[in-house]
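# Observations on chain architecture
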Amino acid sequence: MEYSHRYCAYPTQEVADRLEHHLDVHRQLYNHVRWDYENSPEDDKPSEYDQNNKLPEWKQRWPVFSELHSKAAQATVARFHRNLSNLRKKKENGHKVGRLKRQAPTEYRSVTYNQSGFDLDEKRGHDKCAYVRFSKIGWVKIRYSRSIPDHATIKEVTFKKEPTGEWFVSFRLETDDVDLPEKPDVDSLDASNCVGIDLGIRNYVHTSDGKTVDWIDLEDDYERLRREQRRLSRKDHGSRNYERQRRKVAKVKRRIRRKVLDYQHKLTTWLVNEYDAVFVEDLDVKAMLQGDGNARNKQDAAWRQFINLLDYKADLYGTHVVQVEPAGTTKECARCGVETTKPIWVREHSCPSCGFETDRDANAAMNIIQRGFAELGLGWPESTPVETVTATDTDAIHEVSARHVIETGSLPS
């Protein structure tokens, strides 16, 4: 499997200037690759292989390109063709798309070295620091907050400058499946070591075993963002004051983004450590954002990011994570399967057929765990009644605050 580690970087001023220079030259190369492609005949567009073969010629004609490491230059060519491929896929799916645009200095922010052109020195640094050497640039100090696993292979390294002016270094790692923890045998799974989770906004997570975790409060951060954006709108575009204020806006956005990611990391890590199998809805978040109402809260919830974190941690921690069909999980009764339509403001489930009553989200979580068992080819254990897994009494639901998750990284047992 492949995953990545990201670290804060602290280059010296001299090295930072070289990073900036290489970033700009790679941007120019990207724009030249685009120009070469756009100006080729329609029936003879160059492939990634063709343009890689043109690099030696371009380096002779424009010496600035010869300053780049060969593998990093090839990665920039690959970036253009990857973007081109993504554009084609969107067009094939019926989306109205244009053409790839020219990259401005404020838009092109990262450079990738793959296979060669970089070194990691873990012993040179002290106090959780290490150093990364980029060919033709120099050594960059990073905050080595977590070590690269011994069994992981570094496939590529990327340095990036964020809109806030901060530098980061990311390692794309690959681990053989034999080095990953073994997942529990599917036949050994039962309701006691599995959980279904219903994702929401007010209660971000509602588990099938009666725990709820509320969503983090971002209102103060959004109020600060609105205030900083109003100040930015009053600055002269391109002035020093504008640039200073733009960075303040970027830092507020970064704070919101980091809060959400930190919360999701801690919550997903707790889930994969606590349970042998986690069942979650396969949500079409893009379509939900295009629907009526509450779009910002849905975007803040970052459900797809949460599900992606669960997916990759499933392999790292040896847990089954299964995505199930989300349609009808709220309407369908977890005990008898009869569907009952209820508006969004109705928070209780009361089945007119069998009389089963519980919290609306608890009922959905119970349906999710049952669908998860069916997805794995297992029947729901007849010896496990719905009532023993779902809290039938709303007062019995164990409510956990987002602050508790953030501060401790776990949920109370």
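Definitions and limits used
Residues numbered from 1 in each chain as written. Predicted model: local features only at pLDDT ≥ 70, side-chain atom pairs only at ≥ 80, totals over all residues. Heavy atoms only, no water. Helix = DSSP H or I, 4+ residues; strand = E, 2+ residues; numbered from the N terminus. Buried < 20%, exposed > 50% of the residue type's maximum accessible area, 1.4 Å probe, protein only. Contact = heavy atoms within 4.5 Å. Areas by Shrake-Rupley, 256 points an atom, 1.4 Å probe, with all protein chains shown as cover. Phe/Tyr/Trp six-rings, centres within 6.5 Å; stacked < 30°, edge-to-face > 60°. Pairing = 2+ DSSP bridges. Expected span 1.5 Å × (residues − 1). Bend = angle between axes of the 7 residues up to and from the residue. Axes fitted to C-alpha atoms, helices over the stretch in contact; angles between N-to-C directions. Parallel < 35°, antiparallel > 145°, perpendicular 65-115°, else oblique. Left-handed = near helix turned anticlockwise from the far one by under 90°. Nonpolar A, V, L, I, M, F, W, Y, C, P; charged D, E, K, R; others polar. Core = buried A, V, L, I, M, F, W, Y, C linked by side-chain atoms within 4.5 Å. Polar contact = N/O pair within 3.5 Å; in protein donor to acceptor, adjacent residues only side chain to side chain. Patch = residues over 30% accessible without salt bridge, like charges linked within 9 Å, V, L, I, M, F, W, Y side chains within 5 Å. Salt bridge = Lys/Arg side-chain N within 4 Å of Asp/Glu carboxyl O. Lys, Arg positive; Asp, Glu negative; His and termini not counted. Charge placed at Lys NZ, Arg CZ, Asp CG, Glu CD.

### As for the overall build of the chain
Looking only at helices and strands, the chain features 11 helices and 15 strands. Counting across all 413 residues of the chain, residues that qualify as buried make up 44%. Contacts spanning at least 24 positions in sequence make up 68% of the contacts within the chain whose residues lie at least 6 apart. Accessible area of the chain: about 22,500 Å², with a carbon and sulfur share of 44%.

### Re the packing of aromatic side chains
The full count for this structure, using the stated rule, is 16 aromatic pairs. On the numbers, 4.3 Å between centres and 25 degrees between planes, the contact of Y204 with W215 is stacked. Remark: W215 occurs in the loop between strand 10 (211-214) and helix 4 (219-233) and Y204 occurs in strand 9 (residues 203-207); sequence separation between them is 11 residues. Like Y204, the residue W215 is buried in the burial classification. Pairing Y204 with F306 gives two aromatic rings, centres 5.6 Å apart and planes at 85 degrees, and the pair type is edge-to-face.

### What about the pairing of strand 1 (residues 2-9)?
Residues of strand 1 alternate between two faces, with Y3, H5, Y7 and A9 buried on one and E2, S4, R6 and C8 left unburied on the opposite face. For strand 1 and strand 7 (residues 167-175), the ladder comprises eight bridges, and the chain directions are antiparallel. Of the residues in strand 7, the one forming a bridge with C8 is F168.

### Regarding unusual backbone geometry
Positive phi values are uncommon outside glycine, yet Q115 reaches one of about 70 degrees. Relative to the helices and strands, Q115 resides in the loop between strand 2 (110-114) and strand 3 (118-121). Given the relative accessible area of 62%, Q115 is considered exposed. One non-glycine residue, K136, adopts positive backbone phi at about 70 degrees. Along the chain, the position of K136 falls in the loop between strand 4 (129-134) and strand 5 (138-143). Since its relative accessible area comes to 47%, K136 is described here as partly exposed.

### Structural notes on helix 2 (residues 48-61)
Taking 1.5 Å of rise per residue, 14 residues should cover 20 Å, and helix 2 covers 20 Å from first to last C-alpha, within 8% of that figure. Considering bend angle alone, the principal kink of helix 2 is centred on L55 and spans about 35 degrees; proline P56 follows within four residues of it. Listing the buried residues of helix 2 in full gives Q51, N52, L55 and W58. Those residues of helix 2 hidden inside the fold are in contact with helix 1 (13-38) and helix 3 (70-92).

### Quick notes on the packing of helix 5 (residues 240-274) against helix 8 (residues 303-317)
Orientation of helix 5 relative to helix 8, taken along the N-to-C sense of each, is 40 degrees, at an axis distance of 9 Å. Taken together, helix 5 and helix 8 sit at an angle that is classed as oblique. Remark: the crossing between helix 5 and helix 8 carries right-handed chirality. The residues of helix 8 that touch helix 5, namely those facing V260, L261, Q264, H265, L267, T268, T269, L271, V272 and N273, are Q305, F306, L309, L310, Y312, K313, A314 and Y317. When its residues are assigned to classes, the contact of helix 5 with helix 8 shows 11 nonpolar, six polar and one charged.

### Overview of the nonpolar core
The nonpolar side chains of soluble globular proteins are, as a tendency, buried together. Counting residues in hydrophobic clusters, the biggest one holds 43 residues, and the most contacted among them are L29, Y113, F134, I142, F159, V169 and F171. In terms of residues, this core owes the most to one element, helix 1, which gives nine residues. Residue contacts for L29: discarding those within four places in its chain leaves L55, W58, F65, L68, A73 and T76. In this structure, I197, W215, L232 and A314 belong to the second largest nonpolar core, which totals 33 residues.

### Focus: the environment of R371
Along the chain, R371 falls in helix 9 (residues 360-375). Linking R371 and P326, residues 45 residues apart in sequence, is a C-alpha distance of 9.4 Å. Setting aside residues no more than four positions away along its own chain, R371 makes contact with V324, E325, P326, A327, G328, T329 and E332. A polar contact of 3.4 Å, which involves the side chain of R371, links it to the side chain of E332.

### Some remarks on a positive patch on the surface
A surface patch of like charges, here positive, comprises R224, R227, R230, R234, K235, R240, R244, K248 and K251. Mapped onto the positive patch, the elements with two or more residues apiece are helix 4 and helix 5. For the positive patch, the element with the most residues is helix 5, which contributes four residues. Residue placement: K248 occurs in helix 5.

### Let's talk about the side chain of T207
Within the element layout of this structure, T207 appears in strand 9. In this structure T207 comes out as buried when scored by relative accessible area, which is 2%. Discounting residues that sit within four places of it in the chain, T207 has contacts with V195, G196, I197 and A365.

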